[in-house]
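The primary structure of each chain is shown beneath.
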Amino acid sequence: MTANNDKARLFRSYHDGVLLLPNAWDACSAVVIERAGASAIATSSAAVSWALGRPDGQRLGRDAMAAAVGRIADAVDVPVTADIEGGYGPDPEDVAATVEAVVAAGAAGINLEDSPGPAGDPLVAPSAQAERIAAACAAAARAGAPDLVVNARTDVFFHQVGDPAGRLDEVIARAEVYAAAGAACLFVPGLLDLGLLEKLTAAVPVPVNAGLFFAGGPTVARLAKAGVRRISVGTALAGVAYTAVQRAAEAFLADGALDATAGSLSPLDLDAAMNRAASR
């Protein structure tokens, strides 16, 4: 067993209650999120890619993604779960290689999606995705982290696959197959209808992850009442940060004002936080 298997086991235990899971994109954002009180941190594949000069959609590459996960995991004490998108390749062997890389980087969990590429492409067949999930679990065990939390993401609602009336049934069917293959929880981005979430959480054998990606969605309390046990925010925090940068830059370029920076974390505070992270 490895040290991050202890974190994986701890991370798995958090799903017994309602887990609020902020998403980071680099070491400093992870440190700030940990200081805010997070018990665990997820990466956002899109935000990690943007920070490294690439668009989302497996454009970053396995090695660069794993290196980013490593910098994040090294900077914080809390468990980190890595968004590995579609596994950086279609075959179970590709997924296994990716899982081995992120476990070596310190990940306690992963997100693995059944969307192979851009919207409009068909989703991976449930049986094929089950093979990929099983390969992820086997790779984690080989790497010394058998308790790695595999969050199986299905994009049935996100990509609006098939007849709307049949989407929930399709998700439930996929969830059963994915859970049997070793998935510890289910992520259904694009589904925030509380009635459908209540039906889903009652029907599937694993905890359900909902994603709050924008203002105005259901509250955490209402999601929890619907049975959701894990709530992440995707690119939302990165969007807040980049919007603040744009607005402050616009004001500075317009009239030289830096009023938008009032109340922000100081360079000394951030540097002190990163010094503590570097000394772990």
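Residues numbered from 1 in each chain as written. Predicted model: local features only at pLDDT ≥ 70, side-chain atom pairs only at ≥ 80, totals over all residues. Heavy atoms only, no water.

1. Quick look at the overall build of the chain
Here's step 1: A tally of regular secondary structure across the chain gives eleven helices and nine strands.
Here's step 2: A compact globule built from 280 residues should have a C-alpha radius of gyration of about 19 Å, and the chain, at 19 Å, falls within 12% of that.
Here's step 3: C-alpha extents for the chain along the principal axes are approximately 55 × 40 × 35 Å.
Here's step 4: Split into buried and exposed, the 280 residues of the chain put 47% on the buried side.
Here's step 5: Surface exposure of the chain reaches about 12600 Å², of which carbon and sulfur atoms provide 57%.
Here's step 6: Computed over 21 positive and 31 negative side-chain charges, the inter-centroid distance for the chain is 3 Å. (Helix = DSSP H or I, 4+ residues; strand = E, 2+ residues; numbered from the N terminus. Rg over C-alpha atoms; globule rule 2.2 N^0.38 Å. Buried < 20%, exposed > 50% of the residue type's maximum accessible area, 1.4 Å probe, protein only. Areas by Shrake-Rupley, 256 points an atom, 1.4 Å probe, with all protein chains shown as cover. Lys, Arg positive; Asp, Glu negative; His and termini not counted. Charge placed at Lys NZ, Arg CZ, Asp CG, Glu CD.)

2. Quick look at the layout of surface pockets
Here's step 1: By volume, the largest pocket amounts to about 590 Å³.
Here's step 2: Taken together, 34 residues form the lining of the largest pocket, with Ser 45, Asp 56, Asp 83, Glu 113 and Arg 153 sitting closest to its centre.
Here's step 3: Counting residues per element, the ones that place at least two in the lining of the largest pocket are strand 3 (41-43), helix 3 (45-51), strand 4 (80-83), strand 5 (109-113) and strand 9 (230-232).
Here's step 4: Partitioning the lining of the largest pocket into residue classes produces eleven nonpolar, 15 polar and eight charged.
Here's step 5: Reported here for the second largest pocket is a volume of approximately 360 Å³.
Here's step 6: Around the second largest pocket, the lining residues are Trp 25, Cys 28, Ser 29, Val 32, Ile 33, Leu 237, Val 240, Ala 241, Ser 264, Leu 265 and Leu 270.
Here's step 7: Counting only elements with at least two residues in the lining of the second largest pocket, the list comes to helix 2 (27-35) and helix 10 (236-255).
Here's step 8: With four residues, the top contributor of residues to the lining of the second largest pocket is helix 2.
Here's step 9: Its residues assigned to classes, the lining of the second largest pocket shows nine nonpolar, two polar and no charged. (1 Å grid on protein atoms, 1.4 Å probe; cavity = no way out; pocket = protein on both sides within 12 Å on 5 of 7 lines; lining within 4 Å. Points joined across faces, edges and corners; volume = space filled by probe spheres on them. Nonpolar A, V, L, I, M, F, W, Y, C, P; charged D, E, K, R; others polar.)

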